[in-house]
Amino acid sequence: MDPVGVAAAPDAGPGSAWRSKCPWGAPNTTSISCSLADVMSEQLAKELQLEEENAAFPEVVAVDEGPFITGENVDTSSDLMLAQMLQMEFDREYDAQLRREEKKINGDSKVSISFENYRKVHPYDSDSSEDEVDWQDTRHDPYRADKPTTTPRRGFVGKGKDITTKHDEVVCGRKNTARMENFAPEFQVGDGIGMDLKLSNQVFNALKQHAYSEERRSARLHEKKEHSTAEKAVDPKTRLLLYKMVNAGMLETITGCISTGKESVVFHAYGGNATEDKVIPPECAIKVFKTTLNEFKNRDKYIKDDYRFKDRFSKLNPRKIIRMWAEKEMHNLTRMQNAGIPCPQVVSLKKHVLVMSFIGQDQVPAPKLKDVTLSSEDMKKAYYQILNMMQQLYEECNLVHADLSEYNMLWHDGKVWLIDVSQSVEPTHPHGLEFLFRDCRNVSQFFQKGGVAEALNERELFNAVSGLNITADNEVDFQAEIEALEKMNEDHVQNHGKKLSMFSSDGDPPIYDE
């Protein structure tokens, strides 16, 4: 008989039923039959080991459901994995203890501390606890109440020494600091909340007004960006005009900016193919008048009283004044060129873009008279040349430069060249003689400082250029006589509709019709 079968057979005696029901009886132990192959199976060994681990760590299995803790994808036979599981459990308990300490220390205080730098956070344990959130999201804001509070009608809270009104300096200061967050994003206000900053009403109102002003200014600049010529740059319309000049063959290429001024930007370009009726120089200067009105706001007196543009000035849009400036410079340069005065040669005019010949060589512009160092002979030669040009400009061209100085005179090929004549007016202009006297003063002071002994003073130079014989002992009387002559000319124009071509010393100048 098989010994295993005998051991597994039940007792056949009469007392077997009583022993099975009696609580004090011996337990009925039964042996599970298994084969040798089942005993040697690895699957069975893993299942037994898993049962032992579940019995040893019931909380870990019940709470954690991460990928490293479930029994489906964890090889618990590895000592490293067991160590990581134990370390995770320790870190979780450590972080919970830190949170309790943090809450205990902070309490209801307006200043809070955090143990965030001391926490044990693992990459695979970042979402293991759903109730754990970042401390920065739950920190106490000292400027915002935890619960909405209403201001009582009486305007104060508390009693006795603890009374606080709605005009309290600390409360209003913190409210003003919090209101700075409503400013425009471009207005940097800093971290005033973190610094517990308290702004007074006066400071807050000043900052608020400044923020609104900056917002409006930035809006204007953004609007003007696409419609105006900026410093060393051109707007899209001007860029299109330059492209058309290059495509038409007038210009070969535009190299870059060579000069900037209050009213214009000058670019250098190489000339293109010459046509039958137009000669294009090898190097050209492109003068682009700025299309903003800021620089021309106070300079309308040079053009509105000029009889050549007076009728057109009052009828045009203010933005078209810039085109009139370019047209005026073209006409003035043409007069000077016909009189033989050294000046840039006009090539073309397109709206507010004026193309002229380049005074210089190999993209290097000629230096201004104030920047060049001349010998005494060259300085003396330049003085007499300028004196001759001023006389030619007044007598032959019937013009006054109105802005003549060492800044608008170039030294090239051993002689002086005049530039920037957009503001030049005729002597019959209501302020023409005043402009001429100012030019004489600038020229006289420059050459007297340069050591030219033969240089005349401003009054003598004015009489030499204009042909007038104003005899005055001082400058005040001299200017008074100039204003009297201008007034007489203006009255005659208003009464008879005629211009005075030139002034004589006896006060009875000849007249010519328009």
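Criteria and thresholds
Residues numbered from 1 in each chain as written. Predicted model: local features only at pLDDT ≥ 70, side-chain atom pairs only at ≥ 80, totals over all residues. Heavy atoms only, no water. UniProt positions renumbered as here; feature names shortened; annotations may be inferred. Helix = DSSP H or I, 4+ residues; strand = E, 2+ residues; numbered from the N terminus. Expected span 1.5 Å × (residues − 1). Buried < 20%, exposed > 50% of the residue type's maximum accessible area, 1.4 Å probe, protein only. Pairing = 2+ DSSP bridges. Axes fitted to C-alpha atoms, helices over the stretch in contact; angles between N-to-C directions. Contact = heavy atoms within 4.5 Å. Patch = residues over 30% accessible without salt bridge, like charges linked within 9 Å, V, L, I, M, F, W, Y side chains within 5 Å. Areas by Shrake-Rupley, 256 points an atom, 1.4 Å probe, with all protein chains shown as cover. Salt bridge = Lys/Arg side-chain N within 4 Å of Asp/Glu carboxyl O.

- In the annotation of an unreviewed UniProt entry, the chain is listed under the name Serine/threonine-protein kinase RIO3 and assigned to Ardeotis kori.
- Taken directly from UniProt, the Cofactor (unreviewed entry) text for the chain runs: "Mg(2+)".

**Re helix α6 (residues 79-106)**
Here's step 1: The end-to-end C-alpha separation of α6 is 41 Å, in line with the 40 Å expected for 28 residues at 1.5 Å each.
Here's step 2: Along α6, the residues that are buried comprise Met 81, Met 85, Met 88, Asp 91, Arg 92, Asp 95, Ala 96, Leu 98, Glu 102 and Asn 106.
Here's step 3: Where α6 ends, the next residue or the one after it, Gly 107, has phi of about 60 degrees, a positive value.

**Observations regarding the sheet that holds strand β4 (residues 264-271)**
Strand pairing in a sheet takes place through backbone hydrogen bonds and is either antiparallel or parallel in direction.
Here's step 1: An order of β3-β4-β5-β7-β6 is seen for the five strands of this open sheet, with the pairing classed as antiparallel. A strand with exactly one partner marks an edge of an open sheet, and here the two such strands are β3 (251-260) and β6 (346-350). The mean angle between the axes of side-by-side strands here comes to 25 degrees, regardless of whether they run parallel or antiparallel.
Here's step 2: Bridge count between β4 and strand β5 (residues 283-289): seven bridges; the pairing is antiparallel. Across the sheet, residue Ser 264 finds its bridge partner in β5, namely Phe 289.
Here's step 3: Across the sheet, helix α12 (residues 321-338) lies against β5, β6 and β7 (353-357), angled at about 160 degrees from β6, the strand it touches most.

**Concerning a nonpolar patch on the surface**
Here's step 1: A cluster of nonpolar residues, Phe 90, Tyr 94 and Tyr 118, forms a patch on the protein surface that exposes about 340 Å² of accessible area.
Here's step 2: Along the chain, the position of Tyr 118 falls in the loop between α6 and β1 (156-157).

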